[in-house]
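The lines below spell out each chain.
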Amino acid sequence: MAEVMIGIDPHKASHTAVAIGLSEQQLGELQVPACPSQVDQLLAWAAAWPERAWAVEGAAGLGQLLAQQLVAAG
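Bear in mind the structure is a predicted one, so any value in this text is a computation, not a measurement.

The rules behind these values
- Residues numbered from 1 in each chain as written.
- Predicted model: local features only at pLDDT ≥ 70, side-chain atom pairs only at ≥ 80, totals over all residues.
- Heavy atoms only, no water.
- Pairing = 2+ DSSP bridges.
- Helix = DSSP H or I, 4+ residues; strand = E, 2+ residues; numbered from the N terminus.
- Axes fitted to C-alpha atoms, helices over the stretch in contact; angles between N-to-C directions.
- Contact = heavy atoms within 4.5 Å.
- Phe/Tyr/Trp six-rings, centres within 6.5 Å; stacked < 30°, edge-to-face > 60°.
- Buried < 20%, exposed > 50% of the residue type's maximum accessible area, 1.4 Å probe, protein only.

Draft legend 1. Layout of the sheet that holds strand S3 (residues 26-33). Across the sheet, which stays open at both edges, the four strands sit in the order S3-S2-S1-S4 with mixed pairing between neighbours. Because the sheet does not close on itself, it has two edges, and the strands there are S3 and strand S4 (52-56). For this sheet, the mean inter-axis angle between neighbouring strands, taken without regard to orientation, is 20°. As paired strands, strand S2 (residues 14-21) and S3 are joined by seven bridges and run antiparallel to one another. If you follow Val18 over to S3, its bridge partner there is Glu29. Along the sheet, helix H1 (residues 38-46) contacts strand S1 (4-10), S2, S3 and S4; its crossing angle with S3, the most-contacted strand, is approximately 160°. Docked against the sheet, helix H2 (residues 64-72) engages S1, S2 and S4, running at close to 160° with respect to S4.

Draft legend 2. Looking closely at the packing of aromatic side chains. Counted under the stated rule, the structure contains one aromatic pair. On the numbers, 5.1 Å between centres and 75° between planes, the contact of Trp45 with Trp49 is edge-to-face. Residue Trp45 is classed as buried on the basis of its relative accessible area, which comes to 18%. The class for Trp49 is buried, based on a relative accessible area of 17%.

What follows is the structure, encoded as structure tokens:
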């Protein structure tokens, strides 16, 4: 089980990510613009938690591109 779950709420103009720890405490929050560098910004922010899992809302819809980018990044 990952130590941190990062949930992402995608929107047309921006995406909001929240990191939650094992005891369900919020560890951090980040909002990034929906743009080509979105995944790089998210990965740089999430590097603080190497044992992490991602949850992208609407991964088959509005969050599809971001979900695919995260999978491609490993």
